[in-house]
Amino acid sequence: MAEQLRTEEMMVNMGPQHPSTHGVCRLILTIDGEVINDCVPVIGYLHRAIEKICENRTYAQCIPLMDRFEYVTAMSCNWVFALAAEKLSDIEIPERAEYLRVIMAELNRMASHLLCIGVTSMDIGALTPFLYTFREREMILDLFEMTCGQRLTYNYIRVGGVSRDIPPEFVPMCRQFLDIIDAKVDDYERVLTENPIWIARNKGIGIIPEQMVYDYAISGPSARASGVNFDIRKHDTYSIYDRFDFEVPVFYGCDSYDRYRARIAEVRQSARIVRQALDGLPDGPVRAKVSMNFKTKPGEVYTRIENSRGEMGINLISDGSRKPFRVRARGGSYNHLMALPDIVRGTKIADLVAIFASLDIIMPEIDR
Amino acid sequence: MELAPVFDWLYNQLSALGLGDTLNNLISLIVVSVIVFGFLCLVALFLVWWERKISAHVQQRFGPMMTGWHGALQTVADAVKLLQKEDITPAIADRNVFFWAPVVCFTCAFAAYVVIPFGDGLIVSDLNIGILYIIAITTFTIISLLMAGWGSNNKYALLGGMRSAAQGVSYEVPLVLSILGVVMVTGSMSMNDIVRAQSGWGGFHWNVFFQPLGFLIYVTAATAETNRTPFDIPEAEQELVAGYNVEYSGMKFAMFFLAEFINMFTVSAITVTVFLGGWNGPFLPSWVWFLGKTLFMVFIMMLFRWTYPRLRVDQLMEFSWKVLLPLAFLNIVYVGVFAKWLNW
Amino acid sequence: MTKEQLTRHIKENFSAELDVIENEQPEPYFIIKADNLVKFCRFIHDDPGLVMDFLMNLSGVDTGERFEVVYNVCSYRLKHRIYFKILLDRQNAEFDTVRSVWPAADWYEREVWELFGMNVRGHPNLTRFLLPDDWDEGHPLRKDWVGKDVIPFPER
C-alpha cells in the first residue's frame, strides 16, 4: 500500500527566529509527511568577524572580544585566549589567580548547564524547570556581578591572571550557593529524570553513535553521553585541574536522555571542584606584572580547554608584536551543527526540536 | 427542600402571572440563558486570571499584580485589548467556514451547561439523558476544530486541525466508557439522579471510592479532550506545525481561547458530578460545595500543564488506543462484576 | 606517546619527506608538502600507534607572502596531538580535501575557501557559509583585503 500512495516531499523552513534561546540558525528541512529526509543548516546570521578584528587589537583589547565569542560561558572564552597568549610568553601566573580562574570557570559551566537543561525542558513542553534552573543561575550571576560587575560578558580572566580580587562577601555567598545546589539538582531530577513522558520524548531520540563522534570531532557532554571518555580537564590537563578530585560522568545510551543526564552529573561535579578550590584558595597577588606593551614571543600554539559545549580551542599565531597575527577560535557547537543533518535524517519533525535543544548549540560560537 | 429545576420554576412563576404560553416560554428561556451566559463569562474571566496566578506561583514568580487587587482585572484588560484588534480574515480563506468555526466552538461550550447541576435544584433542566447530552454536545467542538483548520486555507492549520480532531475522537472512547461505568451503577443518565445516588455514608458513597480506575481514566481523557498539556501538541508553539488557530486574531481568537477555559470548567464539573459527589456536602450550601470541588479539579488540571512535558502526536494516539482503551474495558468488566455481586 | 616518540615514529614510518620544526610547545610541529597532504592524514589516522581521529582545528593563515593551512589533530583514545601545516602559493592556492579521512573537515574547509579564497579540490559543497548570500567584496581574512566601510581602529 505504501508503494502505491504517491507522496511528495515538502521543503519547510525552520526560520532564523526560534521560540527558544538557541540563537539565529536557519534549518531548511526536506520532509516527507512527518519524517525528515534532509536538513541543511544555514548559518552566518551572527557573523561579527571576531577573528579579523582581533588581528588589529592588542592582547588586552582582544579579551572583551573573546567574551562575545560565546557569551554563555564567557569566562572560558577569556581563559582560553589568555592561556594561548601565556603559552607564547614567559609569564608565571600567581597561585591565587589560578584558583580564582578555576572557580569562575566552573561556576560558569554550572550556569551554562542549568540554562541548557531549562531550555531543553521548555522546548519539550515542561515550562516550569526553566524558571527553576534560572533561579539558581541568578545566584551564580549575582556572584559574578559582585566580582567583576558584569552578568554575562565578564572581561575578568586576563593575560597574566585575573583582573581583580574577589570581595570578602564572595566566599560565604559561594558556599551558601554550593550548599543548596545539590538539593536543587535533586529537585530537577525529581521532575524530569523518572518522568515517563520525559523518557518517552528523550530516550532513543537523537542517537549519536560512537563512530559519528570520532568522525565529526564531537566533544563535551554530547560525546560523553555516547560512551567516549574524553575530558580535556583530565586528559590534556591545563592549569591546576590535576589537584582536584572529580569524576567524569560517561553514559552509553548515545541519546538525548543521556546527554541530559551527563549535564546534570556535570553540575554536581563542578560543585565538587568549586568546593575544593574554595577550601584551598591561597593568598597572594591575582595578576602577574603585565606591561601595557605586552608582546609575546613569535610562534604558533593551539590551546584548548573543556567548555560546557565541548572543546574550545584557540589557534594563535604570533609574530612577536603587540597584536596577534592570526587568531582562529573554535567552539564545540560547530561540530554538533555539522553533525546535525546526519543525526536527524529519518526522524520526525517533533523530535528535531528536542534533538536541537539537547545538543546545546549556541550560535555565536559557530558564526563568530 | 426539594427545589425544581430553574427553568420549570421560572415557567410556573410566570404562568401564575397569567402570561400566555409562548410568551412564557420565551421569557423563561431568555432569562435562564442570560443568567447562565453571565455566570459563564464570569467563570471564564476568573479562570484565565487563576491560570496565570497558579502558573506564576508554581514557577516562583508573582504573575499579574498591577491591574486591580493582585491583577484581578488583568483579564478584563486583555479582553478590551482583543476587542480593539483588527479582525483579519485571510484573502484566500473560505469566508463562511472561517467565520462560523469560532461561533460553533463557543456555542457548544455553552450549550453543555443546560444539564450541569450547580446545586440542589440549581439545574436549568433535568433531562433524563443528561450525561449523554453533554457528551454529544462536547463532541461538536471537534467539528469546529476541523472547520477552523479547513477555513484557514493554510496547510499548517489544516494539519493542526486534523491532528486535534484525531486526538479528540480517539480520547472520546475511553471517556465515554469510564462514564458508562457510573451510569451502569446508578441506573440513570440524569445528572440529578447521579448526584443523589452519591449522597449518604458521610461522603464515602462518592463514585470515586468505588471506581477509582474509572476516575483516573476520565480525568486523563478529559485533559486530552480539552487539548491541555500533556496532550496539547496541536497547540504548541515550539513545534513546527502551529495549530488550527494560527490564522485567527482578535475577538475570534479570544473566542477559541475562552472556549478552551469553559471546556475545562465543563469537564471538571462533570468529573465532580459523576465521581466526586456533585453538590453533596454538610453544613455549607450545596452550590458552595459544587464550586469548591470543581475549582479544585480545575486546579489539578492547571497543575498538570505547568509540571509535565508534552507527548508527541504518535505517542499520544498510542497511549489512547493501546493503554486507556483496554483499561476502560477492564473498568467496565470490573463494574459489571462487582455491581452485580455487591448489589450497588 | 611523548613528543620525541611521536616525532620519531612519524619520521620513521612516513615515506615522503616532511620538515620538523623545533618549538617549545608540548606537541611536535611538522610542515608537509601540499601534495602529500591526504597521504599524511590517512597515515596518522590509520596507524595503530597514532590513531589520530580527532581533527580539532583546521585554519587558514595569510602570512603576507603565502598562504598556509594549519591542522591540529589529536587522538581520542591515545590522547596525544600534533600540529602540522602545508604551505601554499598565494597566486593559485589549492589543496585537497581531507574529508575522506575526517568528515569533520567539511565545514572547516568551506570556511577557509570562503574567507581566504583558497580552492579545495574535491569538496562537494563550496557555497556561501558565514558571509551574506550576496557578498561580492572579496575574501575578508586576507591581509590585503580592504572593505568598503571599514574604519581603522585608532592606535594607542
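Everything in this summary refers to the structure shown in the same document.

What follows deals with the overall build of chain B. Along its length, chain B carries 12 helices and 0 strands. Counting helices and strands in the order they occur from the N terminus, chain B gives α-α-α-α-α-α-α-α-α-α-α-α. For chain B, the C-alpha radius of gyration of 21 Å lies close to 20 Å, the compact-globule estimate for 344 residues. With the C-alpha coordinates of chain B rotated into their principal frame, the extents come out at 55 × 55 × 40 Å. Classification of the 344 residues of chain B by burial places 49% in the buried group. In chain B, the share of contacts with a sequence separation of at least 24, taken over all contacts with a separation of at least 6, comes to 75%. Of the accessible surface of chain B, which amounts to about 15900 Å², a share of 72% is contributed by carbon and sulfur atoms.

Attention shifts here to the overall build of chain C. Helix and strand content of chain C: 3 helices and 7 strands. Helices and strands appear in chain C in the N-to-C order α-β-β-α-β-β-β-β-α-β. Principal-axis analysis of the C-alpha atoms gives chain C an extent of 50 × 40 × 25 Å. For chain C, with 156 residues in total, the buried portion stands at 52%.

With 22 residues, helix 11 (residues 286–307) of chain B extends 32 Å between its outermost C-alpha atoms, agreeing within 8% with the 32 Å of an ideal straight helix rising 1.5 Å per residue. Buried within helix 11 of chain B are the following residues: S286, F290, K293, T294, M297, V298, M301, M302 and W306 of chain B. Packed against the buried residues of helix 11 of chain B are helix 5 (128–148) of chain A together with helix 2 (21–58), helix 9 (212–225) and helix 10 (250–275) of chain B.

On to the interface of chain A and chain B, then. Contacts between chain A and chain B engage 29 residues on the former and 21 residues on the latter. Carbon and sulfur atoms supply 60% of the area buried between chain A and chain B, which totals about 2300 Å² over both sides. The largest per-residue losses of area from chain A upon contact with chain B belong to L127, I197 and R201 of chain A, which jointly make up 21% of the total buried on that side. Linking D351 of chain A and R312 of chain B is a salt bridge whose minimum nitrogen-to-oxygen distance equals 2.9 Å. For the interface between chain A and chain B, the tally reads 7 residue pairs in polar contact (both at pLDDT 80 or more). Broken down by secondary-structure element, the contributors of at least two residues to the side of chain A that touches chain B are strand 1 (10–14), helix 4 (95–124), helix 5, helix 7 (196–202) and helix 13 (349–358) of chain A. Per-class residue counts for the side of chain A that touches chain B are 19 nonpolar, 4 polar and 6 charged.

Attention shifts here to the nonpolar core. Of all hydrophobic cores here, the largest spans 170 residues; its most connected members are L107 of chain A together with F40, I44, Y71 and F84 of chain C. When residues of this core are assigned to their parent elements, the largest contribution, 12 residues, is made by helix 4 of chain A. With residues near it in sequence (within four places) discarded, Y71 of chain C still touches L37, L55, N57, L58, I82, Y83, F84, I86, F95 and V98 of chain C. In terms of nonpolar packing, the next biggest core, distinct from the first, is built from 80 residues, L14, L145, V195 and I217 of chain B among them.

Below, the discussion takes up the pattern of salt bridges. Evaluated as defined, the whole model comprises 54 salt bridges over all chains. Across the pair E300 of chain A and K85 of chain C runs a salt bridge, and its minimum N-O distance is 2.5 Å. Of this pair, E300 of chain A sits in strand 6 (residues 299–307) while K85 of chain C sits in strand 5 (residues 81–88), on two different chains. Taken as a pair, E300 of chain A and K85 of chain C share a single burial class, namely buried. With a shortest N-O distance of 3.1 Å, E311 of chain A and R304 of chain A are connected by a salt bridge. One connected set of salt bridges, linked through shared partners, spans E106, R109, R224, D231, R233, E266 and E306 of chain A.

Bringing the environment of V48 of chain B into the picture now. All names here are of chain B. You can see V48 is positioned in helix 2. Taking the relative accessible area as the measure of exposure, V48 reaches 6% and is therefore buried. Sequence separation between V48 and P117 is 69 residues; the distance between their C-alpha atoms is 23 Å. With residues near it in sequence (within four places) discarded, V48 still touches T75, F257, L258 and F261.

Residue and element names in this part refer to chain A. Strand order in the open sheet formed by 3 strands is 6-7-8, and the pairing between neighbours is antiparallel. Strands with a single pairing partner mark the edges of an open sheet, and in this sheet they are strand 6 and strand 8 (326–330). Neighbouring strand axes in the sheet, compared pairwise and without regard to direction, differ in orientation by 10° on average. Pairing of strand 6 with strand 7 (residues 310–318) involves 9 bridges; the strand directions are antiparallel.

All names here are of chain A. Between helix 2 (residues 59–67) and helix 3 (residues 74–87), whose axes approach to 8 Å, the crossing angle comes to 150°. Relative to helix 3, helix 2 is oriented roughly antiparallel. Read as a crossing pair, helix 2 and helix 3 show a hand that is right-handed. For the pair helix 2 and helix 3, the contacting residues are Y59, C62, I63, M66 and D67 in the first and A74, C77, N78, F81, A82 and A85 in the second.

A few words on the environment of S55 of chain B. All names here are of chain B. Topologically, S55 is positioned in helix 2. S55 sits in the buried class, given a relative accessible area of 4%. For the pair S55 and W306, spaced 251 residues apart in sequence, the C-alpha separation works out to 6.3 Å. Residues contacting S55, with those up to four places away along its chain left out, are R61 and W306.

As a further point, take the interface of chain C and chain A. Residue-level contacts link 45 residues of chain C with 46 residues of chain A. Summed over both partners, the interface of chain C with chain A buries about 4000 Å², with 52% contributed by carbon and sulfur atoms. Here chain C is connected to chain A by 4 salt bridges. Close ionic contact of K143 of chain C with E55 of chain A constitutes a salt bridge, the shortest N to O distance being 3.0 Å. There are 22 residue pairs in polar contact (both at pLDDT 80 or more) connecting chain C and chain A. Taken together, the elements giving at least two residues each to the side of chain C that touches chain A come down to strand 3 (54–62), strand 4 (67–74), strand 5 and helix 3 (105–116) of chain C. With 9 residues, strand 3 of chain C is the largest single contributor of residues to the side of chain C that touches chain A. Across the side of chain C that touches chain A, the residue classes tally to 23 nonpolar, 7 polar and 15 charged.

You can see E27 of chain C is positioned in the loop between strand 1 (18–21) and strand 2 (29–32). Within the local environment of E27 of chain C, its side chain forms a polar contact with the side chain of R81 of chain C, the two groups lying 2.7 Å apart. Other than its neighbours up to four places away in sequence, E27 of chain C contacts Y302 of chain A together with K3, R81, I82 and Y83 of chain C.

Next up on the list: a nonpolar patch on the surface. Judged by side-chain polarity, L23, L26, I27, L29, I30, V31, V34 and I35 of chain B come together as a nonpolar surface patch covering roughly 700 Å² of accessible area. With respect to the element layout, I27 of chain B can be found in helix 2.

Moving on to the arrangement of the chains. Here the protein chains form 2 pairs of chains in contact, of which the pair with the most contacts is chains A and C. The two units chain B and chain C remain apart, with a minimum C-alpha distance of 25 Å.

Moving on, we get to the sheet that holds strand 4 of chain C. Residue and element names in this part refer to chain C. The mixed open sheet is built from 5 strands, whose spatial order is 1-2-5-4-3. Of all strands in the sheet, those bounded by a partner on one side alone are strand 1 and strand 3. Geometrically, the sheet is characterised by an average inter-axis angle of 25° between neighbouring strands, direction not taken into account. When strand 2 meets strand 5, the two strands line up parallel, connected through 4 bridges. Residue pairing in the sheet places I31 in a bridge with K85 of strand 5. The strands touched by helix 1 (residues 3–13) within the sheet are strand 1, strand 2 and strand 5, with strand 1 carrying the most contacts at an inclination of about 165°. In the packing of helix 3 onto the sheet, the strands contacted are strand 3 and strand 4, and the crossing angle to strand 3 comes to about 5°.

Cut-offs used in this document
- Residues numbered from 1 in each chain as written.
- Chains lettered and ligands numbered in written order.
- Predicted model: local features only at pLDDT ≥ 70, side-chain atom pairs only at ≥ 80, totals over all residues.
- Heavy atoms only, no water.
- Helix = DSSP H or I, 4+ residues; strand = E, 2+ residues; numbered from the N terminus.
- Rg over C-alpha atoms; globule rule 2.2 N^0.38 Å.
- Buried < 20%, exposed > 50% of the residue type's maximum accessible area, 1.4 Å probe, protein only.
- Contact = heavy atoms within 4.5 Å.
- Areas by Shrake-Rupley, 256 points an atom, 1.4 Å probe, with all protein chains shown as cover.
- Expected span 1.5 Å × (residues − 1).
- Buried area = accessible area lost by both parts, 1.4 Å probe.
- Salt bridge = Lys/Arg side-chain N within 4 Å of Asp/Glu carboxyl O.
- Polar contact = N/O pair within 3.5 Å; in protein donor to acceptor, adjacent residues only side chain to side chain.
- Nonpolar A, V, L, I, M, F, W, Y, C, P; charged D, E, K, R; others polar.
- Core = buried A, V, L, I, M, F, W, Y, C linked by side-chain atoms within 4.5 Å.
- Pairing = 2+ DSSP bridges.
- Axes fitted to C-alpha atoms, helices over the stretch in contact; angles between N-to-C directions.
- Parallel < 35°, antiparallel > 145°, perpendicular 65-115°, else oblique.
- Left-handed = near helix turned anticlockwise from the far one by under 90°.
- Patch = residues over 30% accessible without salt bridge, like charges linked within 9 Å, V, L, I, M, F, W, Y side chains within 5 Å.

These values are about where atoms sit, not about what they do.
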